[in-house]
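# Coordinates in review
As a plain string of letters, each chain reads:
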Amino acid sequence: MCGIVGTLAASPVNQLLYDALLLLQHRGQDAAGIVTMQGHKCFMHKARGMVRDVFRTRNMRALPGNIGLGQVRYPTAGNAYSEEEAQPFYVNAPFGIVLVHNGNLTNAHALKDELFAIDRRHINTESDTEVLINVLAHELELAARDLPLTPKEIFAAVRAVQKRIKGSYAVIALIAGQGLLAFRDPYGIRPLCFGKSAGGEFMVASESVALEGTGHQLERDLAPGEALFVDMAGQVHTEQCNDHPQLNPCMFEFVYLARPDSVMDGISVYQARLNMGETLAQRVISTMPPSEIDVVIPIPESSRPSAMQLAHRIGKPYREGFVKNRYVGRTFIMPGQGARKKSVRQKLNAIGLEFKGRNVLLVDDSIVRGTTSKEIVQMAREAGARKVYLASAAPPVRFPNVYGIDMPTAEELIAHNRSVEEIRAYIGADALIYQDVDAMKRVVAALRPGLAGFEASCFDGHYVTGDVSLDDFKAMRDQRTSQSGEDEADARSRLALQGGGER
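Residue indices follow the written sequence of each chain, beginning from 1 at its first position. The predicted nature of this model means local features are confined to residues of pLDDT at least 70 and side-chain atom pairs, given and counted, to a pLDDT of 80 or more, with totals for whole chains, interfaces and linings taken over all residues. Each side-chain value is worked out from all heavy atoms of the structure, with water and hydrogens disregarded.

### Some remarks on the pairing of strand β3 (residues 41-48)
In this sheet, β3 lies alongside strand β2 (residues 31-38) in antiparallel orientation, the contact comprising eight bridges. Looking at the pairing, Ala31 lines up with Arg48 of β3. In this scheme, strands are said to pair when DSSP sees at least two bridges between them. Secondary structure follows DSSP: runs of H or I at least 4 residues long count as helices, runs of E at least 2 residues long count as strands, and numbering of each begins at the N terminus. The turn linking β2 back onto β3 is made up of two residues, and Gly39 within it adopts a positive phi angle of 70°.

### Digging into the packing of helix α5 (residues 128-143) against helix α6 (residues 151-164)
Contact pair α5 / α6: the axes reach a minimum separation of 8 Å and the direction vectors enclose 135°. In terms of orientation, α5 lies oblique with respect to α6. With respect to the hand of their crossing, α5 and α6 are arranged in right-handed fashion. Along its contact with α5, which presents Val135, Leu136, His138, Glu139, Leu140 and Ala143, the element α6 presents Glu153, Ile154, Ala156, Ala157, Ala160, Val161 and Arg164. Orientation is described by lines fitted to C-alpha atoms, with helices fitted over the stretch in contact, and by angles between N-to-C directions that extend from 0 to 180 degrees. Any angle from 65 to 115 degrees is called roughly perpendicular, while one under 35 is roughly parallel, one over 145 is roughly antiparallel, and all others are oblique. Note on convention: the crossing is left-handed when the near helix lies turned anticlockwise from the far helix by less than a right angle, right-handed when the turn is clockwise. Note on contacts: a residue pair qualifies if any of its non-hydrogen atoms lie within 4.5 Å across the two residues.

### Describing unusual backbone geometry
The omega torsion across Gln87 and Pro88 is 10°, close enough to zero to call that bond cis. Within the element layout of this structure, Pro88 appears in the loop between β4 (67-73) and β5 (89-91). Note the cis peptide between Pro300 and Glu301, where omega equals 5°. The phi torsion at Phe95 lies on the positive side, around 75°, for a residue other than glycine. Summarising the element assignment, Phe95 is placed in the loop between β5 and β6 (97-105). According to the relative accessible area criterion, Phe95 is partly exposed, its value standing at 36%. Categorising residues by exposure relies on relative accessible area from a 1.4 Å probe, with only protein chains included: less than 20% of the type maximum marks a residue as buried, more than 50% marks it as exposed, and the intermediate range marks it as partly exposed.

### Focus: the sheet that holds strand β16 (residues 295-298)
Strand order in this open sheet of four strands is β16-β19-β20-β21, and the pairing throughout is parallel. In this open sheet, the two edge strands, each paired with only one partner strand, are β16 and β21 (431-434). Direction aside, neighbouring strands of the sheet carry axes that sit 25° apart on average. Note that strand β19 (residues 359-364) and strand β20 (residues 387-392) share six bridges and pair parallel. Across the sheet, Leu362 pairs through a bridge with Leu390, a residue of β20. Relative to β20, helix α13 (residues 371-382) is tilted by about 145°, and along the sheet it contacts β19 and β20. Here helix α14 (residues 420-427) sits on the sheet and contacts β20 and β21; the angle it forms with β21, its principal contact strand, is near 130°.

### Observations regarding the pattern of salt bridges
Note that side chains of opposite charge can pair when their charged atoms are close. Put simply, a salt bridge is a Lys or Arg side-chain nitrogen that is within 4 Å of an Asp or Glu carboxyl oxygen. According to the stated counting rule, one finds 22 salt bridges in the structure shown. Glu207 is the partner of Arg27 in a salt bridge, and the nearest nitrogen-oxygen pair spans 2.7 Å. Here Arg27 is found in the loop between α1 (14-23) and β2, whereas its partner Glu207 is found in the loop between β10 (202-205) and α7 (208-212), with 180 residues between them in sequence. Judged by its relative accessible area of 0%, Arg27 is buried. For Glu207, a relative accessible area of 0% translates into the label buried. Between Arg259 and Asp261 there is a salt bridge, with its nearest N and O atoms 2.6 Å apart. Here the salt bridges share partners, and the residues they tie into one network are Arg27, Arg190, Glu207 and Glu253.

### Notes on the side chain of Ser206
Within the element layout of this structure, Ser206 appears in the loop between β10 and α7. For Ser206, a relative accessible area of 2% puts it in the buried group. Definition of a polar contact: a pair of N or O atoms within 3.5 Å, with one able to donate and the other able to accept a hydrogen when the atoms are protein atoms, and with sequence-neighbouring residues admitted only if both atoms are side-chain atoms. Within the local environment of Ser206, its side chain forms a polar contact with the backbone nitrogen of Ile4, the two atoms lying 3.0 Å apart. Beyond its immediate chain neighbours, meaning those up to four positions away, Ser206 contacts Cys2, Gly3, Ile4, Leu24, Arg27, Asn102, Pro191, Leu192 and Met264.

### Notes on the environment of Ile172
Note on placement: Ile172 falls in strand β7 (residues 167-175). For the pair Ile172 and Phe183, spaced 11 residues apart in sequence, the C-alpha to C-alpha distance is 6.8 Å. The residues touching Ile172, leaving out its near neighbours within four places in the chain, are Ile4, Val5, Gly6, Leu69, Val98, Leu99, Val100, Leu180, Leu181, Ala182, Leu192 and Val204.

### Some remarks on the sheet that holds strand β1 (residues 2-8)
Judged by pairing direction, the sheet is antiparallel, and its seven strands sit side by side in the order β3-β2-β4-β1-β10-β9-β11 without closing on themselves. Only two strands of the sheet have a single partner each, and these edge strands are β3 and β11 (216-221). Taking the axes of each pair of neighbouring strands and ignoring which way they run, one obtains an average angle of 15° across the sheet. With seven bridges joining them, β1 and β4 adopt antiparallel strand pairing. Within the sheet, the bridge partner assigned to Gly3 lies in β4 and is Val72.

### Here's the deal with the packing of aromatic side chains
We call Phe, Tyr and Trp rings a pair once their centres come within 6.5 Å, taking the six-membered ring for Trp, and we label the pair stacked below 30 degrees between planes, edge-to-face above 60, and tilted otherwise. Applying the stated criterion across every chain, the model contains eight aromatic pairs. Here the guanidinium or amino end of Lys46 rests over the ring plane of Phe89, the centre of that ring lying 4.8 Å away. Between the NZ or CZ atom of Lys374 and the centre of the ring of Tyr426, over which it lies, the distance is 4.5 Å. Note on geometry: a ring has a charge over it if NZ (lysine) or CZ (arginine) is within 6 Å of the ring centre and within 35 degrees of the ring normal.

### Some details on the packing of helix α4 (residues 108-119) against α5
Between α4 and α5, the shortest axis-to-axis distance is 10 Å and the interhelical angle comes to 40°. Judged by the inter-axis angle, α4 sits oblique to α5. Considering only the axes of α4 and α5, their crossing is left-handed. Touching Ala108, Leu111, Lys112, Leu115 and Asp119 of α4 are Asp128, Val131, Asn134, Val135 and His138, all from α5. Here the contact of α4 with α5 is composed, by residue class, of five nonpolar, two polar and three charged. Note on residue categories: nonpolar means Ala, Val, Leu, Ile, Met, Phe, Trp, Tyr, Cys or Pro, charged means Asp, Glu, Lys or Arg, and polar means any other residue, Gly included.

This is how it looks when you write it as structure tokens:
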């Protein structure tokens with residue numbers, strides 16, 4: 001999972017890109033990068049770390065130009081510890097292209113061999129983004145050979161790219177001296193939207209919050225399979241580059257990944273989470289009498305809207321029972337299980353007054369591995385709770401995700417091949433209530449009439465692209481095992497984004 005942004009303006013864009021990346025920081029904290037262009041020359045700075053740490057004053061001064069792009073990275077493919085694999089990526093021919101990518105190419109390994117054997121292009125990392133930029137470069141070279149580069153040739157190249165690559169992708173690229181290109185996979189799995197400012201500045205980004213927070217007006221989302229090109233004069237060109245597009249946005253964006261103040265594909269993330277809380281309340285009522293619950297407490301951050309709506313629906317008080325320390329490093333990079341458990345305690349602290357002597361219903365957005373849930377349930381008991389119930393605003397995460405969320409092996413998932421009762425016993429809760437898959441889809445889809453469906457493979461095991469095989473899962477698992485030791489691989493697998501803790 002990553003956050004990407006691109007912009008073209010009449011004035012230097014380095015500060016604008018920095019501000020946009022801060023607004024997208026929840027989508028990745030491993031690395032950050034910015035590229036700007038002045039004339040035909042590229043200026044790049046990228047490194048591992050948070051935006052505020054990667055970019056200092058001297059770095060910002062070295063990024064001149066009125067067009068640029070940036071990315072914040074949470075690695076789901078390639079080597080999580082390699083600074084070389086931080087984005088953006090650059091190729092010098094044809095034209096000079098710089099590219100950022102959010103998603104995951106499921107056929108990256110096959111494409112890498114194809115690029116070397118047929119296209120005569122060398123790939124030097126394990127990143128699928130490097131594969132993608134080389135496929136794009138090759139197709140641009142073929143489309144524009146002996147011709148001026150116009151939107152027609154660019155869209156022809158994108159159409160050819162979409163025929164070769166599989167998986168999920170939202171892409172922003174700069175073509176030196178030409179303009180800014182963006183396109184989205186034909187299923188619309190990963191988000192991408194664009195807008196303009198009152199001064200005529202153009203921006204395309206993963207989430208609407210990046211536009212609104214930098215003074216841009218959201219115009220719309222890119223459609224599945226659509227490509228957009230903004231030339232150096234600021235003229236916007238768009239074209240559908242796929243014959244069979246259908247919108248199936250990632251459900252996990254609405255469950256957890258996106259900021260609640262974003263609107264994705266016409267769906268308010270905040271309203272989607274309220275709706276999930278409504279249906280979760282119905283599950284709670286059918287599982288236990290609300291009279292057995294004294295208070296509803298969210299596990300910060302993403303679960304708050306669902307917890308508020310649930311509390312309102314069952315007629316019980318909503319309280320903040322955990323205080324989050326935002327200045328502790330992410331738990332999933334701590335070496336050793338003992339250190340990780342200690343870090344969870346440093347990140348969240350219970351307010352004893354809200355727990356003591358009460359039957360508490362904790363609400364989380366999702367349960368992926370279960371390790372943090374187990375620790376938080378124990379914290380609630382130590383704070384004096386008489387009984388601790390746990391409700392998940394998402395259904396059980398039972399299947400690997402191959403479209404850009406870092407949970408690609410079934411063995412990492414607490415719900416894989418386990419019953420709800422077995423999960424409850426592991427976590428140590430007095431009761432465990434999960435969201436219903438069909439109900440979740442129904443109440444979120446109601447916010448966008450005409451939606452084809454959702455990419456919800458981690459919940460229902462259905463992979464919307466229809467081309468995911470057992471070999472794909474094996475390749476990803478082997479890659480993770482080969483690139484780090486056992487403890488590092490275990491640590492890396494923890495999903496830790498805007499909620500700030502492992503899931």
